[in-house]
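# Secondary and tertiary structure notes
Read off the chains here:
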Amino acid sequence: MNLSQHIVNGLVLGHAYALVAIGWTLLLGVARMVNFGHGQFYMFGAFMTWLAVEKLKLPYYVAVPFSMCAGALIGVLIQRVMLKLTLKQNLTSMMMVTLGFGLLIEGISGLSFGSSPLSIKSPLNSIDLYFGDVWLTGRDVAVMAVTIASFAVLYWTLRFTRLGAWVRMVAEDPKLAQLGGLNVAWVYLGVFAFEGAAVALAAAVVSPNLPILTSMGFEELIFTFVVVILGGVGSVLGSYVAGVGLGIFSALFGALVSPAYTAAAAFAVLTAILVIRSAGAGNSSRGA
């Protein structure tokens, strides 16, 4: 077993997990809700990239922003429909609406693109890099580079810009922010646009190495949930660290045990960590 190769594979996989989860991290941190159509957003982004490359004959590097724009439009559309629910923080209804939209996107994609697996041709897949006995493709390097850049930009925006200050105000107390004159509705629309664009970017960068199917979003939704919960609600750095850690764990577990049980093992780790966290919180409160 080439341990170095498995660790590098885990790093690539972990950065992919983190990139898929970045939009949900911001959404959960600001709107305090979970988008159960997130997996279908990912699937939609992959199909849009394929459409741009194969049907519109756009270069791959143009297809990526094309997919991001399509994802942002879908995010704005969904949020515009359920804006009143978001402002009222009606979590149950919002979850049902996002689930319904996700199933609608999946159904339309199935009718439009069929049930046969498709593939995205990317020039990055033809680039091979060797570092001793470790092998990487250009796509692997792109996944890690884009993830690091995306998290760095998001962290900097939230911490050091006026836009970030508005987002933090809404996340802290949307009603107080609205009373202070901030247009909370526009912030929510912007957050959903970011989620749609970010997950489409993830799909455009990650999926060229994978078969594109209407069912591909389900597994991404599972691992996104694990990453966001492990990283902490709304924590940008936490989601990045959790994504990378989960990727290394998944790669090593798949190599040593079996890839078939990776999702179950990830949830077992999540459950154990949540139990430990709750036990620690209970001990702290009793000590106080």
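Residues numbered from 1 in each chain as written. Predicted model: local features only at pLDDT ≥ 70, side-chain atom pairs only at ≥ 80, totals over all residues. Heavy atoms only, no water.

### Brief notes about the overall build of the chain
When helices and strands are tallied, the chain shows twelve helices and two strands. Going residue by residue from the N terminus, the α and β elements of the chain occur as α-α-α-α-α-β-β-α-α-α-α-α-α-α. Taken against the 2.2 N^0.38 rule, which gives 19 Å for 288 residues, the C-alpha radius of gyration of the chain at 19 Å falls within 12% of a compact globule. Judged by the C-alpha coordinates and their principal axes, the chain covers about 55 × 55 × 35 Å. By element, 70% of the accessible surface of the chain is carried by carbon and sulfur atoms, the whole surface being about 13,900 Å². Computed over 14 positive and 10 negative side-chain charges, the inter-centroid distance for the chain is 14 Å. (Helix = DSSP H or I, 4+ residues; strand = E, 2+ residues; numbered from the N terminus. Rg over C-alpha atoms; globule rule 2.2 N^0.38 Å. Areas by Shrake-Rupley, 256 points an atom, 1.4 Å probe, with all protein chains shown as cover. Lys, Arg positive; Asp, Glu negative; His and termini not counted. Charge placed at Lys NZ, Arg CZ, Asp CG, Glu CD.)

### What about the packing of helix H1 (residues 3-30) against helix H10 (residues 217-231)?
Between H1 and H10, whose axes approach to 9 Å, the crossing angle comes to 65°. H1 and H10 meet at a crossing whose hand is right-handed. Facing H1, whose interface residues are Tyr17, Val20, Ala21, Trp24, Thr25 and Leu28, H10 presents Glu220, Leu221, Phe223, Thr224, Phe225, Val227 and Val228. Of the residues contributing to the contact of H1 with H10, the split by class is ten nonpolar, two polar and one charged. (Axes fitted to C-alpha atoms, helices over the stretch in contact; angles between N-to-C directions. Left-handed = near helix turned anticlockwise from the far one by under 90°. Contact = heavy atoms within 4.5 Å. Nonpolar A, V, L, I, M, F, W, Y, C, P; charged D, E, K, R; others polar.)

### Here's the deal with the side chain of threonine 137
Relative to the elements of secondary structure, threonine 137 occurs in strand S2 (residues 134-137). Classification of threonine 137 as buried rests on a relative accessible area of 10%. Beyond its immediate chain neighbours, meaning those up to four positions away, threonine 137 contacts Leu124, Ile127 and Asp128. (Buried < 20%, exposed > 50% of the residue type's maximum accessible area, 1.4 Å probe, protein only.)

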